[in-house]
Amino acid sequence: MIILGRQGAGKGTQCVRLSRHYVVPHISTGDMLRASAREGSELGLMAKQIMDDGGLVGDEVMIGLVDERLRKPDADTRGYILDGFPRTVAQAEAIARITSAKPIHIVIDLDVPREIVLERLSSRRVCRDCGTNYTAGPNEQRPWICDVCGGDVQQRADDTPDAVNRRLDLYETQTAPLIDHYSRRGALVVVNGIGHPDNVFKRLTDAVDSRR
Ligand code: ADP
Ligand code: ZN
């Protein structure tokens, strides 16, 4: 399964829940890149610069990364949830080739309008160790400690207003065309991402279960 949706639509939070519910790995290319950046690998350091200013890492690099990840045994049993990939038409064409033996079942567009994700992103805080998302109050500036793992909870370096706008613009030009692409192939289901996370989760599982 592939999940599309604007930055701040709640893909990360919902994918963690979906991954537990369906007992399949959650493969987030953003998490993979941030992990490489923390390890300080060559790829990680290159990606960190691009991520911090809200750009997109090159298609070739991303396709190689995902191809390698999907060859691991955990992605070859019950399926997987791809979060953050594909993000361009070239990536969508590559994933179709990579998965030709076991094609993608369903593509979900977790739909939240731009005005609402802008509000959500300005208060988003993330644990840098386990990735748990939090919402900061209007005057809450200091970092705090993660309830789940004790790590530092901070604003992501790419959640600054400039980088957020750049990412949302790239979403409209590079990624939104995939909604049409998958819709034409009959694979797309649009799920409303507004509302309490429990309600959004219910809509997502209903959408997935109706296609099984
Ligand atoms: P968001 O959806 O909030 O931008 P992610 O965690 O999915 O956050 O990704 C963070 C950053 O990682 C992106 O802004 C981009 O720089 C890079 N990235 C992740 N996935 C891809 C991809 N498929 N293609 C290109 N760049 C990617
Ligand atoms: Zn944590």
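Our subject is the structure that appears above.
Note that the coordinates shown come from a computational prediction; the quantities given were computed from them, not determined experimentally. (Residues numbered from 1 in each chain as written. Chains lettered and ligands numbered in written order. Predicted model: local features only at pLDDT ≥ 70, side-chain atom pairs only at ≥ 80, totals over all residues. Heavy atoms only, no water.)

Another point: helix 2 (residues 29–39). Inspection of helix 2 places Thr29, Gly30, Leu33, Ser36 and Ala37 among the buried residues, and these make up the whole buried set. Angular distribution of buried residues about the axis of helix 2 spans 130°; they occupy a single face of the element. The elements touched by buried residues of helix 2 are strand 2 (26–28), helix 3 (42–52), helix 4 (59–70) and strand 3 (81–83). Gly40 occupies a position one or two residues after helix 2 and carries a positive phi of about 80°. (Buried < 20%, exposed > 50% of the residue type's maximum accessible area, 1.4 Å probe, protein only. Helix = DSSP H or I, 4+ residues; strand = E, 2+ residues; numbered from the N terminus. Arc of directions from axis to C-beta. Contact = heavy atoms within 4.5 Å.)

With that out of the way, let us pick up the site of ligand 1. Neighbouring ligand 1 are 18 residues, the closest being Thr29, Gly55, Gly84, Arg87 and Arg167. Within the backbone of Gly55, an N or O atom sits 2.6 Å from an oxygen atom of ligand 1. Between Arg156 and ligand 1, the recorded distance is 3.0 Å, taken from a side-chain N or O atom to an oxygen atom. Ranked by the residues each element gives to the shell around ligand 1, the list is headed by helix 2, at 4 residues. Among the residues forming the shell around ligand 1, the class breakdown is 6 nonpolar, 6 polar and 6 charged. (Near = heavy atom within 4 Å. Polar contact = N/O pair within 3.5 Å; in protein donor to acceptor, adjacent residues only side chain to side chain. Nonpolar A, V, L, I, M, F, W, Y, C, P; charged D, E, K, R; others polar.)

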